[in-house]
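# Fold and contact review
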Amino acid sequence: MASADMTGERAALARSLGASGALTPDWSSALLAVPRSGFLPDVFWAHDMDSGESTRVDRRTEPDVWEGYACADVPVVTQWDDGGGAGPGGVPTSSASMPSVVFRMLAALDVRPGDRVMEIGTGTGWNAGLLAARLGAPNVTSIEIDPQVADTARERLKAAGLLGTVLTRDGARGDPDGAPFHRVIATAGVRQLPPTWIEQTHEHGLIVAPWGTHYSNADAIVRLEVADGHACGRFVGPAEFMKLRAQRLPFAGHETYVPDGVTEAEHSTAEVTEADLLGADRFDPATFVLGLRVRDCHQSVAAKQDGSRPVWFYGLTDRSWACALLHDGRKADVWQAGPRRLWDEVSRELDWWRAAGRPGIDRFGLTVRADGRQLVWLDDPEDDWPV
């Protein structure tokens, strides 16, 4: 049973999320009834979104700190390197998302009494527990690829009296035996929405998922309605999620592209600033939109030193590359090499975005055809382009 302090912390979180618009009234009782703390391990890493730093927290030695983070609107990492890592320095591969993101996605899912939901990415089990509290455990099927993570989530859901169906398999397969579902929600980022999810969703059912491109780690939550064998809908806000294992970035590494430095590459200068190219913060639409417009490209932003910041671009279908060295108060230096002129592409699409009035994420949308083709659009689904 939760302590009085924890109950108070959850109530404070509910008030904060409600004031921000993240928590809608229909989900308030689920938040209060299903504490995130009941689904977290003794040791986790609280992640600071601004600094990118992760802080190790152990309930056994710092119970008050642990409880504070468990009830705070921060993401916590629960696994590194697919279970083979001990902490920061590796790749985070399982987590409990920020409660504000969790409830914004649940609001977008728009569940109704009697709906059957398929969740991709069980993780800690908290999201499945919230759905079970709202819809009844028999109506919730959750899929997790990692056997240890799945087993732990089952135990926690069972202990909470919220255990529905938890399957251990690749989430891209979905659950054909349990289909069709009224709603599908993914808690892992996708670069290619699996057609199986569309096939396993009722006509006019909804799919809510973090979607993005390999250009960056930036995702946006997309809300798709299924009709006539395809899915179409708008992006509803920015996010950043760990990716489906099969859809992680296929990047060969910097040295593969630039083994001898930039000295032999084509050099020029450009009138572009850090604010132009990278935006004001990590969720500025500039980066996400460039990913929609510059296909098969990965951007990497290096640390700033002495007033200059290198931003690298790598082609994912060949070994083309570019580097824009951004300077405070003067033109950027640009180098590029390979069959593609990647900086020219980035610059052209940045101009396109400016000319369109710098539209935000919520003016863009995604269409996924039955054959898996993905098309994005600005304002009008009929005016689309492939990604």
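Residues numbered from 1 in each chain as written. Predicted model: local features only at pLDDT ≥ 70, side-chain atom pairs only at ≥ 80, totals over all residues. Heavy atoms only, no water.

## Some details on a negative patch on the surface
Where we set the bar: What goes into a patch is any residue over 30% in relative accessible area without a salt bridge, connected to like charges within 9 Å or, for nonpolar side chains (Val, Leu, Ile, Met, Phe, Trp, Tyr), within 5 Å. For accessible areas, the Shrake-Rupley method is used with a probe of radius 1.4 Å. Any residue's cover is judged against the shown protein chains and nothing else. Salt bridge, as applied in this entry: a Lys or Arg side-chain nitrogen positioned within 4 Å of an Asp or Glu carboxyl oxygen. As used throughout, the charge tally considers Lys and Arg to be positive and Asp and Glu to be negative, leaving His and the chain termini uncounted. By convention, the charge on Lys lies at NZ, on Arg at CZ, on Asp at CG and on Glu at CD. Secondary structure elements follow DSSP: runs of H or I of four or more residues count as helices, runs of E of two or more count as strands, with numbering from the N terminus.
Taken together, the side chains of D48, D50, E53 and D281 present a region of like negative charge at the surface. One can find D50 in the loop between β1 (43-47) and β2 (54-58).

## Concerning the nonpolar core
Stated formally: Only buried Ala, Val, Leu, Ile, Met, Phe, Trp, Tyr and Cys residues count toward a nonpolar core, and they belong to the same one when joined by side-chain atoms within 4.5 Å. Buried residues are those whose accessible area, probed at 1.4 Å on protein chains only, stays under 20% of the maximum for their type, while exposed residues exceed 50% and partly exposed ones sit between those limits. In this analysis, two residues are considered to be in contact whenever any of their non-hydrogen atoms come within 4.5 Å of each other.
L193, W197, W211, F235, L277, F313 and W343 are the most contacted members of the largest nonpolar core, which totals 53 residues. Once residues within four sequence positions are removed from consideration, L277 is found in contact with V272, A286, T287, L290, V311, F313, L326, W343, V346 and L350. Residues L13, L17, L109 and A239 belong to the second largest nonpolar core, which totals 35 residues.

## What about the side chain of R191?
Cut-off, in case you're wondering: Under this definition, polar contacts are N or O atom pairs within 3.5 Å; protein pairs additionally need one hydrogen-donor-capable and one acceptor-capable atom, and for neighbouring residues in sequence, both atoms have to be side-chain atoms.
Within the secondary structure, R191 is located in the loop between β8 (181-186) and α7 (195-199). Relative accessible area serves as the criterion here: at 9%, R191 is assigned to the buried category. A polar side-chain atom of R191 sits 3.5 Å from the main-chain carbonyl oxygen of G212. Those residues in contact with R191 that sit more than four places away from it in its chain are W211, G212, T213, H214, S216, N217, A218, D219, K243, Q247 and Q374.

## A look at the packing of helix α4 (residues 99-109) against helix α5 (residues 126-135)
Note the threshold: Between N-to-C directions, angles cover 0 to 180 degrees, with each direction set by a line fitted to C-alpha atoms, over the stretch in contact for helices. Working rule for angles: under 35 degrees goes down as roughly parallel, over 145 as roughly antiparallel, 65 to 115 as roughly perpendicular, anything else as oblique. Should the near helix be turned counterclockwise from the far one by less than a right angle, the crossing is left-handed, whereas a clockwise turn marks it as right-handed. Charged means Asp, Glu, Lys or Arg here, nonpolar means Ala, Val, Leu, Ile, Met, Phe, Trp, Tyr, Cys or Pro, and polar covers whatever is left, Gly included.
Here α4 crosses α5 at 45 degrees, and the two axes come no closer than 12 Å. Regarding the angle of α4 to α5, the classification is oblique. Two packed elements cross with a definite hand, and for α4 against α5 that hand is right-handed. On α5, the residues touching P99, V102, F103, L106 and L109 of α4 are W126, N127, L130 and L131. Looking at the contact of α4 with α5 residue by residue, the classes come out as 8 nonpolar, 1 polar and no charged.

## Here's the deal with the environment of F364
You can see F364 is positioned in strand β17 (residues 364-368). In sequence terms F364 and R319 are 45 residues apart; their C-alpha atoms lie 30 Å from each other.

## Quick notes on unusual backbone geometry
For the bond from A179 to P180, the omega torsion is 5 degrees, close enough to zero to count as cis. When you line up the elements, P180 lands in the loop between β7 (165-168) and β8. Even without being a glycine, D110 presents a positive backbone phi close to 50 degrees. Mapped onto the secondary structure, D110 falls in the loop between α4 and β5 (117-120).

## Focus: the sheet that holds strand β3 (residues 76-80)
Adjacent strands of a sheet form backbone hydrogen bonds with each other and so pair up, either parallel or antiparallel. Rules: Two strands qualify as a pair provided that DSSP identifies no fewer than 2 bridges between them.
One open sheet accounts for 4 strands, arranged β2-β1-β3-β4; its pairing is antiparallel. Looking at strand neighbours, the two that pair on one side only are β2 and β4 (92-96), the edges of this open sheet. For this sheet, the mean inter-axis angle between neighbouring strands, taken without regard to orientation, is 40 degrees. Sheet topology places β1 next to β2; 5 bridges connect them, and they run antiparallel. Considered in β2, the bridge of F44 is made with V57. Together, β1 and β2 form the strand contacts of helix α3 (residues 63-70), whose direction differs from that of β2 by roughly 125 degrees.

## Concerning α5
In terms of burial, α5 is a largely internal element, 8 of the 10 residues being buried. Considering only its buried residues, α5 is in contact with α2 (25-33), α4, β5, β6 (140-144), α6 (147-159) and β8. After α5 finishes, the residue G136 shows a positive phi value of roughly 95 degrees.

## Here we look at the packing of aromatic side chains
To be explicit about the condition: Only rings of Phe, Tyr and Trp enter the pairing, Trp through its six-membered ring, and a pair is recorded when the two centres are within 6.5 Å. The plane angle decides the type: under 30 degrees is stacked, over 60 is edge-to-face, the rest tilted.
Inspection of the entire model under this criterion finds 15 aromatic pairs. Geometrically, the ring pair formed by Y215 and F313 is tilted, given 6.4 Å between the ring centres and 35 degrees between the ring planes. Note that Y215 is positioned in the loop between β9 (201-212) and β10 (219-227) and F313 in strand β14 (residues 308-315), a separation of 98 residues in sequence. Aromatic pair F251 and Y314: ring centres 4.7 Å apart, planes at 50 degrees, arrangement tilted. Taken together, the residues span a long stretch of sequence, with F251 in the loop between β11 (230-239) and α8 (254-257) and Y314 in strand β14 at a distance of 63 residues. On the accessibility criterion, Y314 (3% relative accessible area) is buried.

## Some thoughts on the confidence of the model for the protein
Note the cut-off: Across the chain, each position has a pLDDT score giving the predictor's confidence in that residue, from 0 to 100.
Here the protein averages 95 in pLDDT, while 98% of its residues score no lower than 70. Here residues 1-5 is a poorly scored stretch, pLDDT under 50, and it has 2 contacts once near neighbours within four places are set aside; other chains count.

## Comments concerning the pattern of salt bridges
Scanning the entire structure with this criterion turns up 24 salt bridges. Notably, a salt bridge pairs D276 with R354, separated by 3.3 Å at the nearest N-O pair. Of this pair, D276 sits in helix α9 (residues 274-278) while R354 sits in helix α11 (residues 342-355); the two residues are 78 residues apart in sequence, bridging distant segments of the chain. A relative accessible area of 17% places D276 in the buried class. With a shortest N-O distance of 2.8 Å, R293 and E349 are connected by a salt bridge. Remark: E349 occurs in helix α11 and R293 occurs in helix α10 (residues 285-293); sequence separation between them is 56 residues. Several salt bridges converge on common partners, so that one network encompasses D82, D146, R245 and R248.

## Notes on the packing of α2 against α5
Put simply, α2 and α5 touch, their axes get as near as 9 Å, and they point 115 degrees apart. Handedness of the crossing formed by α2 with α5: right-handed. In contact with D26, W27, A30 and L31 of α2, α5 contributes W126, L130, L131, A133 and R134. For the contact of α2 with α5, the residue count by class is 7 nonpolar, no polar and 2 charged.

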